[in-house]
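Topology and contacts: notes
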Amino acid sequence: MRSVGYEAKSRILEVEFDSGAVYQYLDVPLRAYEELRAAESKGRYFNKEIRDNYPYVQVNRSRGAG
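For the structure given in this document, a descriptive report is provided here. From a predicted model like this one, the values you see are computed outputs, not experimental measurements.

Here glutamate 49 is to be found in helix α2 (residues 42–50). Residue classification places glutamate 49 among the partly exposed residues on the basis of a relative accessible area of 32%.

Here it is, written out as structure tokens:
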């Protein structure tokens, strides 16, 4: 992960990956964002607690994508 941001009012977690791809995860509780930020392994926490547990949209494509 390159960066993570959170909009509390809309409960959107935005994640930018090292590839440059940006995804918005919807209806994520503040607790999950705070736990992600505090996690010793952010990737492990993300994969276990967020990736397959919340709907998402891709908001851009990696610059390297065809």
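Now for the packing of aromatic side chains. Between two aromatic rings, the relevant description is the distance of the centres plus the angle of the planes. Scanning the entire structure with this criterion turns up seven aromatic pairs. Ring plane angle 70° and centroid distance 5.5 Å describe the contact between phenylalanine 17 and phenylalanine 46, whose orientation is recorded as edge-to-face. Of this pair, phenylalanine 17 sits in the loop between β2 (12–16) and β3 (22–25) while phenylalanine 46 sits in helix α2; the two residues are 29 residues apart in sequence, bridging distant segments of the chain. Between tyrosine 25 and tyrosine 56, the aromatic rings sit 5.5 Å apart at their centres with planes inclined by 40°, giving tilted as the arrangement. Of this pair, tyrosine 25 sits in strand β3 while tyrosine 56 sits in strand β4 (residues 56–60), and the two are 31 residues apart along the sequence. What makes tyrosine 25 buried here is its relative accessible area of 4%. Taken together, the ring pairs in this structure connect Phe17, Tyr23, Tyr25, Phe46 and Tyr56 into an aromatic cluster.

Procedures and definitions
Residues numbered from 1 in each chain as written. Predicted model: local features only at pLDDT ≥ 70, side-chain atom pairs only at ≥ 80, totals over all residues. Heavy atoms only, no water. Helix = DSSP H or I, 4+ residues; strand = E, 2+ residues; numbered from the N terminus. Buried < 20%, exposed > 50% of the residue type's maximum accessible area, 1.4 Å probe, protein only. Phe/Tyr/Trp six-rings, centres within 6.5 Å; stacked < 30°, edge-to-face > 60°.

Shape is all these values report; function is a separate question.
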